[in-house]
Structure formats: structure tokens, C-alpha cells
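Residue-level listing of the chains:
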Amino acid sequence: MTNRDRIGLTWISFFSYALTGAVVIVTGMVLENIADYFHLPVAQMSNTFTFLNAGILVAVFLNAWLMEIIPLRQQLIFGFVLMVLAILGLMTSHSLSVFSLCMFVLGVVSGITMSIGTFLITHLYEGRQRGSRLLFTDSFFSMAGTIFPIIAAALLARSLPWYWVYVCIGVIYLAIFVLALCFEFPVLGKKAAVQNVEKEKWGIGVLFLSVAALCYILGQLGFIGWVPLYATKTMGMDLTQAGALVGNFWTAYMIGMWAFSAILRFFDPQRIVTVLALLATALMYWFISSSDASMLKWIMMSLGFFSSAIYTTIITLGSLQTKVSSPKLVNFILTCGTVGTMLTFVVTGPIVDKHGAHAALSTANMLYAVVFVMCLLLGFVSKHKLHGHMSSH
């Protein structure tokens with residue numbers, strides 16, 4: 001593989017994460033406008049976005065097998081066609097079932113591109129470099145999460161219809177499409193018979209990592225999802241201050257990713273993820289037990305910064321459990337994380353109904369503690385040092 005191809009494919013990975021981040025995070029911004037458009041209450045409208053998450057989950061799950069059957073470039077070209085059709089559907093139809101279908105298709109397209117993006121990075125880079133590249137790639141998810149709500153607000157303020165937000169998101173896929181036509185992709189599956197390595201056992205470490213991935217995402221989204229309610233109802237903040245807490249978290253998260261993409265090159269990923277999980281658990285506990293509202297902002301920023309590297313390091317460690325990075329293994333851990341996304345409101349909604357927002361935040365805190373325990377246990381069984389991944393770079 002030439003260096004030119006490697007750079008081009010790395011950019012496809014960056015954009016694939018930006019695409020998913022934009023699609024997922026922009027939901028909250030356009031929800032009310034879409035509810036008005038369909039003359040539905042917001043709560044009922046928010047259920048249709050489950051189709052988006054379901055689409056992402058299905059695609060990430062299936063793509064572990066599809067990657068070995070359908071070449072990556074063809075998948076991305078097909079994804080582009082689907083994306084165009086979905087956006088046209090959103091622009092032209094007033095039917096709720098068509099809207100739900102288009103959301104499902106957008107989810108499928110995002111899931112496929114994100115799993116291809118993750119696989120390309122684990123395929124192109126080795127050892128410590130892989131961890132820092134994955135982190136930098138993941139920062140594009142939060143970057144899109146920071147930029148697209150601003151674009152959405154600007155479009156809606158000019159009284160443009162909400163579907164133009166999705167047209168803007170489509171521009172990211174246009175960039176992926178153009179790049180996909182210009183660069184050579186690695187060959188996978190049956191054609192790549194050169195890498196005829198015997199089937200490697202994944203080992204118990206992968207189980208620990210999968211549980212950690214699920215608990216981390218479920219904990220993080222459960223926490224972020226209910227912070228505004230907790231801040232306004234329990235801590236007496238106004239809505240703007242509560243929203244700023246979430247903004248502070250994502251900004252610090254993005255900065256943390258950039259910082260750790262440099263730091264990770266010098267440390268053992270299993271040790272660093274264990275320390276970060278412990279810090280994040282302690283900071284979250286501090287947040288929910290603090291009675292000083294003025295401290296919350298600083299705790300939130302620290303939490304964003306120190307937890308930013310946890311998820312990608314879990315995926316990196318997963319990819320290092322076998323001698324040759326396995327797309328099925330990486331996708332399996334990604335799928336577990338995506339299940340965490342799907343379960344967020346299924347798990348935390350009833351807790352908030354019965355016991356209030358504080359109980360949901362405490363549940364998230366316990367999930368983070370589970371992540372710490374899993375990372376600690378991994379230290380006894382991890383194979384990431386056996387294969388010489390850590391000696392290079």
C-alpha cells in the first residue's frame with residue numbers, strides 16, 4: 001500500500017466518524033421542528049429516531065461479515081446512493097412512515113461507514129500508533145457534534161426547512177464518495193489468501209473489553225442525557241447553564257482526544273485505560289455528590305477530558321488481542337458499544353420515572369465502576385503484549 005493511499009483512506013475514516021457524529025448529535029436540535037412538521041408531540045416524534053439507532057446497530061453488526069464479501073469501495077458507493085435517496089425522501093415526503101424509513105437508512109449508512117472507518121485505521125496502523133490514530137479519528141465524531149448543532153441553529157434561525165440540515169450532513173458523504181473513487185482499498189476475505197493465518201482464539205480479554213464497551217457507552221450517554229434535568233431540577237440552574245454543562249463536557253472531550261492521541265504513544269494502553277476509568281468514576285461520583293453548583297462546570301470539564309480516551313482505547317486493545325487485526329473482533333466490540341447507545345433510554349427512562357434524575361446519574365456512575373473493574377481484570381489476561389504490537393513505534 002502506497003503512502004498516498006494510506007493518507008486518503010485515513011481521511012475516509014475521519015469523515016466516516018464525522019458523518020455518524022453529525023447524524024446522531026443533530027437530532028436534539030431538529031426534533032421540535034420535525035415534530036411541528038408532522039403535527040406530533042415531541043415525545044412521540046423522538047421515538048421515530050430509534051429507527052436511526054437501530055439502523056446503526058444493524059449495519060455495524062452485519063458489516064463484520066459484509067466486509068469480507070463486498071469490497072469496501074463498493075460499499076461506500078452504494079452507501080452514497082442510499083444517502084442521496086434518504087435525503088430526497090426527507091425533502092419530498094410528508095409521510096411519517098417514509099420519514100422513519102429514511103432515518104433507518106441514514107442509520108445504516110452511518111453504521112456501515114463508521115465500521116469501515118474503524119477497520120481501516122486498525123488495518124493501516126500498528127501497535128501504539130493505532131491507538132493514537134483511532135483517538136484522533138474519534139475526535140471527528142465530537143467535532144461534528146460541536147459544529148453541526150451550530151449549522152442547524154443557523155439554518156433554522158433563517159427559517160429554512162429542517163431537512164436542509166441533513167443536506168449539509170450529506171456533503172460529508174460526498175467527500176467520502178469522492179475519496180473512495182480516488183484511492184486503493186486493502187483486499188479482504190477470500191481474496192486476501194496471502195494472510196492465511198490460522199483462526200486465532202479471541203480469549204477472555206475480549207469478553208472483558210466487550211462488557212467495558214457496553215457499560216461505558218451506556219453510562220456516558222445515560223449520564224449526559226440526564227445532566228440537564230438534574231442541573232435544573234436539583235441544582236437550581238437555568239436551562240442555558242444546564243446546556244452549557246453538556247457543551248463543556250464535549251469540548252473538553254474533544255481536547256482530551258487530541259491530547260491523548262499524543263500521550264498514548266508512550267504508555268501501555270491497558271494501564272492508561274484502567275487509570276482513566278478510575279479517574280472518570282471518581283469525577284462522576286464527585287459530580288453527583290457535590291452540593292456546590294459552581295463546581296459542576298469544572299468537574300464536568302475534567303470528566304470530559306479524562307474519559308475521552310476510554311472508548312477508543314478499549315477498541316484498540318480489542319484489535320491488539322490477535323496477531324492479525326480481525327474486522328469481526330473490532331466490529332464485535334463496536335456492536336457492544338452500539339447496544340449501549342440503543343439501551344440508553346430503555347434503561348435510564350424508567351429509573352428517572354421512579355427515582356428521579358439523581359438515581360440515573362448514580363446508575364451511570366456504577367456502570368463506570370464496572371468499566372474500571374473490567375479494565376483492571378484485563379491486565380491479567382490481555383494478549384496485547386504477546387504479539388509484539390507494543391515494541392514497534
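Here's a quick rundown of the structure. The structure presented is a predicted model; accordingly, all values stated were derived computationally and were not measured.

## Quick look at the pattern of salt bridges
Tallying each qualifying case throughout the model produces 4 salt bridges. Between Glu68 and Lys328 there is a salt bridge, with the nearest N and O atoms lying 3.4 Å from each other. Residue Glu68 is found in helix 4 (residues 50-69), and its partner Lys328 is found in helix 14 (residues 327-355); the two are separated by 260 residues along the sequence. According to the relative accessible area criterion, Glu68 is partly exposed, its value standing at 28%.

## Overview of the packing of helix 9 (residues 204-233) against helix 12 (residues 293-307)
Relative to each other, helix 9 and helix 12 sit at 160 degrees, their axes nearing to 13 Å. Comparing the axis directions of helix 9 and helix 12 gives the class roughly antiparallel. With respect to the hand of their crossing, helix 9 and helix 12 are arranged in left-handed fashion. Contact with helix 9, carried on its side by Tyr216, Phe223, Ile224 and Val227, involves Met300, Leu303 and Ser307 of helix 12 and no other residues of that element. Of the residues that constitute the contact of helix 9 with helix 12, the class distribution is 6 nonpolar, 1 polar and no charged.

## Points about the packing of aromatic side chains
Tallying each qualifying case throughout the model produces 26 aromatic pairs. With a centroid separation of 5.6 Å and 45 degrees between ring planes, the pair formed by Trp11 and Phe15 is classed as tilted. With Trp11 and Phe15 both in helix 1 (residues 3-25), this residue pair falls 4 residues apart, about one helical turn. A ring pair is formed by Phe223 and Phe287, whose centres lie 5.3 Å apart and whose planes are at 75 degrees; its orientation type is edge-to-face. On the criterion of sequence distance, the pair formed by Phe223 in helix 9 and Phe287 in helix 11 (residues 269-289) is long-range, its members being 64 residues apart. A residue is classified by how much of its surface remains accessible, and Phe223, at 1% relative accessible area, is buried. An aromatic cluster is defined as three or more aromatic residues linked by ring pairs; in this entry it consists of Tyr37, Phe38, Phe99, Trp162, Tyr163, Trp164 and Tyr166. Here Arg6 stacks its cationic end above the ring of Tyr125, 5.6 Å away from the centre of that ring. Lying across the ring of Trp298, Lys297 places its NZ or CZ 4.8 Å from the centre.

## Quick word on the nonpolar core
Membership of the largest hydrophobic core comes to 129 residues, with the highest contact counts inside it found for Trp162, Tyr166, Phe223 and Phe287. With 15 residues, the single largest contributor to this core is helix 9. Beyond its immediate stretch of four places on either side in the chain, Tyr166 contacts Val26, Val30, Phe49, Ile87, Leu90, Met103 and Leu106.

## Re the state of the cysteines
Within the structure shown, the criterion is met by 0 disulfides. No disulfide involves Cys102; its nearest neighbouring cysteine sulfur is the one of Cys168, lying 17 Å away. Overall, Cys102 belongs to the buried group, its relative accessible area being 6%. For Cys336, which is in no disulfide, the shortest distance to another cysteine sulfur is to Cys215 and amounts to 9.9 Å.

## Description of unusual backbone geometry
Phi is positive for His39, close to 55 degrees, though the residue is something other than glycine. Position of His39 relative to the elements: it lies in the loop between helix 2 (27-37) and helix 3 (42-48). The class of His39 is exposed, set by a relative accessible area of 73%. One non-glycine residue, Ser159, lies in the positive phi region at around 60 degrees. Position of Ser159 relative to the elements: it lies in the loop between helix 7 (127-157) and helix 8 (163-182).

Reading the values: the criteria
- Residues numbered from 1 in each chain as written.
- Predicted model: local features only at pLDDT ≥ 70, side-chain atom pairs only at ≥ 80, totals over all residues.
- Heavy atoms only, no water.
- Salt bridge = Lys/Arg side-chain N within 4 Å of Asp/Glu carboxyl O.
- Helix = DSSP H or I, 4+ residues; strand = E, 2+ residues; numbered from the N terminus.
- Buried < 20%, exposed > 50% of the residue type's maximum accessible area, 1.4 Å probe, protein only.
- Axes fitted to C-alpha atoms, helices over the stretch in contact; angles between N-to-C directions.
- Parallel < 35°, antiparallel > 145°, perpendicular 65-115°, else oblique.
- Left-handed = near helix turned anticlockwise from the far one by under 90°.
- Contact = heavy atoms within 4.5 Å.
- Nonpolar A, V, L, I, M, F, W, Y, C, P; charged D, E, K, R; others polar.
- Phe/Tyr/Trp six-rings, centres within 6.5 Å; stacked < 30°, edge-to-face > 60°.
- Lys NZ or Arg CZ within 6 Å of the ring centre and 35° of its normal.
- Core = buried A, V, L, I, M, F, W, Y, C linked by side-chain atoms within 4.5 Å.
- Disulfide = S-S within 2.5 Å.

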